[in-house]
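Architecture at a glance
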Amino acid sequence: MDYKNLIAGSWEATTEARPNVNPSDTGDILGQAALGGTADMDRAISSAKAAAPGWAGATPQARFDVLDFIGSEILARKAELGQLLSREEGKTLPEGIGEAARAGQIFKFFAGECLRQTGDRLASVRPGVEVDVTRAPVGVVGLITPWNFPIAIPAWKIAPALAYGNAVVLKPAELTPGCAWALAEIISRSGLPEGVFNLIFGQGSVVGQHLVEHSDVDAISFTGSVPTGRGIAVSCAQSMKKVQLEMGGKNPMVVLDDADLDLAVEACLNGAFYSTGQRCTASSRLIVTEGVHDRFVAVLTAAMQGLRVGNALESGIQMGPVVDGHQLDQNLSYLQVAAQEGGKVIGGERLSLEQEGFYMAPALVTETSNEMRINQEEVFGPVASVLRARDYEEALSLANDSDFGLSAGICTTSLKRASHFKANAEAGMVMVNLPTAGVDYHVPFGGTKGSSYGAREQGSYAAEFYTRVKTAYTLP
Ligand code: ADP
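Residues numbered from 1 in each chain as written. Predicted model: local features only at pLDDT ≥ 70, side-chain atom pairs only at ≥ 80, totals over all residues. Heavy atoms only, no water.

1. Side note on the site of the ligand
Under the convention used in this document: When at least one non-hydrogen atom of a residue lies within 4 Å of a molecule or strand, that residue is treated as near it. Throughout this description, a polar contact denotes any pair of N or O atoms lying within 3.5 Å of each other; where both atoms belong to protein, one of them has to be capable of donating a hydrogen while the other can accept it, and for residues adjacent in sequence the pair is counted only when both atoms sit in side chains. For every accessible area listed, the method is Shrake-Rupley and the probe measures 1.4 Å; residues are considered covered only by the protein chains on display. Strands here mean DSSP runs of E at least two residues long; helices mean DSSP runs of H or I at least four residues long; both are numbered from the N terminus. Under the scheme applied here, ten amino acids are nonpolar (Ala, Val, Leu, Ile, Met, Phe, Trp, Tyr, Cys and Pro), four are charged (Asp, Glu, Lys and Arg), and all others, including Gly, are polar.
The ligand sits among 17 residues. The nearest are Thr145, Lys171, Glu174, Ser225 and Thr228. Contact between the ligand and Lys171: an oxygen atom at 2.7 Å from a side-chain N or O atom of the residue. Within the side chain of Ser225, one N or O atom sits 2.7 Å away from an oxygen atom of the ligand. Alone, the ligand offers 550 Å² of accessible surface; in the complex the protein occludes 75% of this. Among the elements of the structure, α7 (204–213), β11 (219–223) and α8 (226–238) are those that each provide at least two residues to the shell around the ligand. It is α7 that contributes the most residues to the shell around the ligand, four residues altogether. Here the shell around the ligand is built from residues that sort into six nonpolar, nine polar and two charged.

2. Structural notes on the domain arrangement of the protein
Which entries qualify depends on this criterion: Each domain's extent was defined by an automatic or database domain assignment. Contacts were defined at the residue level, with two residues in contact if any of their heavy atoms lie within 4.5 Å. Salt bridges are identified by distance alone: a Lys or Arg side-chain nitrogen within 4 Å of an Asp or Glu carboxyl oxygen.
What the domain assignment lists for the protein is domain 1 (2–247 + 451–474) and domain 2 (251–432). Placing the centre of domain 1 and that of domain 2 at their C-alpha centroids yields a distance of 31 Å. Each partner contributes to the interface: domain 1 provides 23 residues, whereas domain 2 provides 28 residues. Our count for the domain 1 to domain 2 interface comes out at zero salt bridges. Of all the secondary structure elements, the ones that give two or more residues to the side of domain 1 that touches domain 2 are α3 (78–89) and α4 (93–114).

3. Considerations on a negative patch on the surface
The test is simple: Only residues whose relative accessible area exceeds 30% and that form no salt bridge enter a patch; like-charged residues are grouped when within 9 Å of one another, and nonpolar side chains (Val, Leu, Ile, Met, Phe, Trp, Tyr) when within 5 Å. All tallies of charge rest on Lys and Arg as positive and Asp and Glu as negative; His and the ends of each chain are not included. Positions of charges follow a simple convention, taking NZ of Lys, CZ of Arg, CG of Asp or CD of Glu.
The grouping of Asp257, Glu290, Asp391 and Glu393 at the surface amounts to a negative patch. Turning to its location among the elements, Glu393 is positioned in helix α13 (residues 392–400).

4. Some details on the state of the cysteines
Cut-off, in case you're wondering: Counting rule for disulfides: a pair of cysteine sulfur atoms within 2.5 Å.
Considering all chains together, one arrives at zero disulfides under this definition. With no disulfide of its own, Cys280 lies closest to Cys179 among cysteine sulfurs, the gap being 17 Å. The structure places no disulfide on Cys411, whose sulfur is separated from the nearest cysteine sulfur, that of Cys268, by 5.6 Å.

5. With respect to helix α9 (residues 261–273)
Note the threshold: Multiplying 1.5 Å by the helix residue count minus one yields the expected span of that helix. Exposure categories follow from relative accessible area, calculated using a 1.4 Å probe and restricted to protein chains: below 20% of the type maximum is buried, above 50% is exposed, and the middle band is partly exposed.
For α9, built from 13 residues, the straight-helix expectation of 18 Å at 1.5 Å per residue is met to within 8% by its first-to-last C-alpha distance of 18 Å. The element α9 is extensively covered by neighbouring structure, given that 10 of its 13 residues are classed as buried. Capping the start of α9, Asp260 holds a side-chain oxygen 3.2 Å from the backbone nitrogen of Asp262, two or three residues further along. Two residues or fewer after α9 comes Ser275, characterised by a positive phi angle close to 55°.

This is the structure:
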């Protein structure tokens, strides 16, 4: 399979290509992805620029029809797309199919939003004058996406970009070209005018950076790591682009003495280890009050050690491999650092299974304090640490003692504490008796502090980023 670039409606190969490796079985190469250069990116941007005015002027019905087509096809093919996703990214098949379905639902949601674009008419302070406040498309938007949700994240950027009338250049992650290509292939048959959507594969530091710096790009939406995001923000400020960044998390899950223990263990198991912990919303700091701490650690350890780790495509597997060798090395080295800093590491061994893949056992680090690197830096793997807290007040203060602020959870049966936590947790998303990961697709997603920058993604709040407000005065 060759994954080609899509520029102005044409599929284009490049002279160099990059193999798409199955992390569950490194002998399985899914295909070869184009490796675009800056000249390819220039042509994609000029194609988007040329097509933008036509799409900005398209009727809500025309936009609805395109997005509805894309959503319907993704949903109809969710099993096949989910399989592709699990094969190239390594999350389990049910998770892969679930993510594909979610991508379809996102397009369906934004198809509806095409028909619900509203404005305001206000009375002017001047006699006889009318004031209209409307939203206009931004223009050409560059979308830069990571590998961990290789179809859902492109979907939740592309769907609102198109719904609100923008032209798009997508630069997907190097590790997961298959899902980006499959989505682009569906989009290319949706009736969307040629050039409105373009896809360029390639290295972030080459084509990604060129997209960010290009003067014909009006806005950049990025999901990825903190250092890359920070550089993109600086570059966008210099060229006066709109910018939206979703970056890391070090998400706390507080477990209080009064919690339903089974529910708390299930929420932590899911939040920390599902999707191999490769979610920016993963529960990576488990903050447990004294009365329940030892029992919680014992029950969670047993549950964690019972997880079936293996080939993402095999049935019954609960945790697939790490995405690649580099990420695996990083996870293992964080466990070494945690042990050197005085933490007690349970699990986390490199696993050799029948097929050659990037497998490790899930890991819990107990007896930690919040200053340790394991509690301050994002690992992005199946690794969670446990912190002991005296009481709710100390747990809340530990939860908030972080440079990140994406998602925060609490397990408690106390309505009073739950309400207090919702109001006082320094995070963009708060979960009560639910894992920190796993969100709805029709409501805003995003964080505070170092986790996010700019307007929220998803739901009708996405309009903030993908439109510009225009105020018109008329004297009839
Ligand atoms: P990760 O560690 O998850 O790969 P990155 O932030 O490196 O996180 O990558 C996220 C996305 O950003 C990828 O599509 C990558 O190619 C892209 N990217 C990486 N470096 C740059 C850069 N300097 N400018 C623009 N995009 C980049």
